[in-house]
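Analysis of the macromolecular model
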Amino acid sequence: VQLQASGGGLVQAGGSLRLSCAASGRTLGSYFMGWFRQAPGKEREFVAAISRDGSESYYANFVKGRFTISRDNARNTVYLQMNSLEAEDTAVYYCAATVRIVLSKTQQSQYDYWGQGTQVTVSS
């Protein structure tokens, strides 16, 4: 599967963005999906993940109810709605996918396919 992330941009603190991850090559419903991010000078970190049918979602503690992950398997797209953005959210955001059974959804090694990343910049 090929993943294409989009929707990043420049936003003021307190603003919102919605990221999209479009999949091609295979039906997205076969994949457990995640979002990760990497800020300048920092390690890539887990943000959120969603089960294949969208019934379960998981978030990093720093999300604090501000972000929502969702998916539309009919459109082969996963979304990350980000509200109340903070300067600390500035990073390149990546979507990731796996067909395997995920034992640790926060670990990058669990995911086999990655999008190219989309830049999110939050100005304070």
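Refer to the preceding data block for the structure.
What this report covers is the structure whose coordinates are included nearby. (Residues numbered from 1 in each chain as written. Predicted model: local features only at pLDDT ≥ 70, side-chain atom pairs only at ≥ 80, totals over all residues. Heavy atoms only, no water.)

**Notes on the overall build of the chain**
For the chain, the helix and strand inventory stands at zero helices and eleven strands. Listed N to C, the secondary structure of the chain is β-β-β-β-β-β-β-β-β-β-β in terms of helices and strands. Taking 124 residues into account, the globule formula puts the C-alpha radius of gyration at 14 Å, and the chain, at 13 Å, falls close to it. Based on the C-alpha atoms only, the size of the chain along its principal axes is roughly 40 × 25 × 25 Å. Here the chain, with 124 residues, has 44% of them falling under the buried criterion. Accessible area of the chain: about 6200 Å², with a carbon and sulfur share of 45%. Within the chain, one finds 12 positive and 9 negative side-chain charges whose respective centroids are separated by 4 Å. (Helix = DSSP H or I, 4+ residues; strand = E, 2+ residues; numbered from the N terminus. Rg over C-alpha atoms; globule rule 2.2 N^0.38 Å. Buried < 20%, exposed > 50% of the residue type's maximum accessible area, 1.4 Å probe, protein only. Areas by Shrake-Rupley, 256 points an atom, 1.4 Å probe, with all protein chains shown as cover. Lys, Arg positive; Asp, Glu negative; His and termini not counted. Charge placed at Lys NZ, Arg CZ, Asp CG, Glu CD.)

**Observations regarding the nonpolar core**
The tendency in soluble globular proteins is for nonpolar side chains to be buried side by side. Judged by nonpolar contacts, the single largest core of 36 residues is most densely connected at Met 33, Trp 35, Leu 80, Met 82 and Tyr 93. Contributions of two or more residues to this core are made by strand 1 (2-6), strand 3 (17-24), strand 4 (32-38), strand 5 (45-50), strand 7 (67-72), strand 8 (77-82), strand 9 (91-98) and strand 11 (118-123). (Core = buried A, V, L, I, M, F, W, Y, C linked by side-chain atoms within 4.5 Å.)

**Concerning the pattern of salt bridges**
Taken as a whole and judged by the stated rule, the model has five salt bridges. Asp 89 is paired through a salt bridge with Arg 37; the nearest N and O atoms lie 2.8 Å apart. Taken together, the positions of Asp 89 in the loop between strand 8 and strand 9 and Arg 37 in strand 4 put the pair 52 residues apart, joining distant regions of the chain. Classification of Asp 89 as buried rests on a relative accessible area of 2%. (Salt bridge = Lys/Arg side-chain N within 4 Å of Asp/Glu carboxyl O.)

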